[in-house]
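# Examining the three-dimensional arrangement
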Amino acid sequence: MKRSKGLGTLFFLLIVGLLLGGFVGDFLAKYVQVFSYQQKIGMSSPINIDLNFVKISFMLAFKFNLGTVLGLIIAIFSYYKVK
């Protein structure tokens, strides 16, 4: 029986690739100068909603460096290599 690759597999590999790539990029930034460049994309301050009985805060931000980009490329490559 052949298992098909689904969107869940792609999503899982992308998340793992981004997380591991980010950790490796942050670690290597101490030793290799090119890994120290980072680009932050997102909101700078959270959106607050106060409904008197509950307070909700929402903030979304992404931090990219060379490690996250390499992790993303490896995750996509491994998705296509999974049988």
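Please refer to the structure placed before this passage.
Structural notes, computed from the coordinates.

Reading the values: the criteria
- Residues numbered from 1 in each chain as written.
- Predicted model: local features only at pLDDT ≥ 70, side-chain atom pairs only at ≥ 80, totals over all residues.
- Heavy atoms only, no water.
- Helix = DSSP H or I, 4+ residues; strand = E, 2+ residues; numbered from the N terminus.
- Buried < 20%, exposed > 50% of the residue type's maximum accessible area, 1.4 Å probe, protein only.
- Contact = heavy atoms within 4.5 Å.
- Areas by Shrake-Rupley, 256 points an atom, 1.4 Å probe, with all protein chains shown as cover.
- Polar contact = N/O pair within 3.5 Å; in protein donor to acceptor, adjacent residues only side chain to side chain.

All right, on to the overall build of the chain then. Across its full length, the chain carries 2 helices and 4 strands. Reading the chain from its N terminus to its C terminus gives the helix and strand order α-β-β-β-β-α. Per-residue burial over the chain gives 14% buried out of 83 residues. Of the contacts formed within the chain by residues at least 6 apart in sequence, a portion of 61% connects residues at least 24 apart. As presented, the chain carries roughly 7100 Å² of accessible surface, and 70% of it is formed by carbon and sulfur atoms.

Take Asn65: it is sitting in strand S4 (residues 61-65). A distance of 3.3 Å separates a polar atom in the side chain of Asn65 from a polar atom in the side chain of Asp26. Residue contacts for Asn65: discarding those within four places in its chain leaves Gly21, Gly22, Gly25, Asp26, Phe35, Tyr37 and Gln38.

To continue, consider unusual backbone geometry. With a phi angle near 75°, Asn52 is a residue other than glycine that sits in the positive phi range. You can see Asn52 is positioned in the loop between strand S2 (47-50) and strand S3 (55-58). When its relative accessible area of 76% is taken as the criterion, Asn52 is described as exposed.

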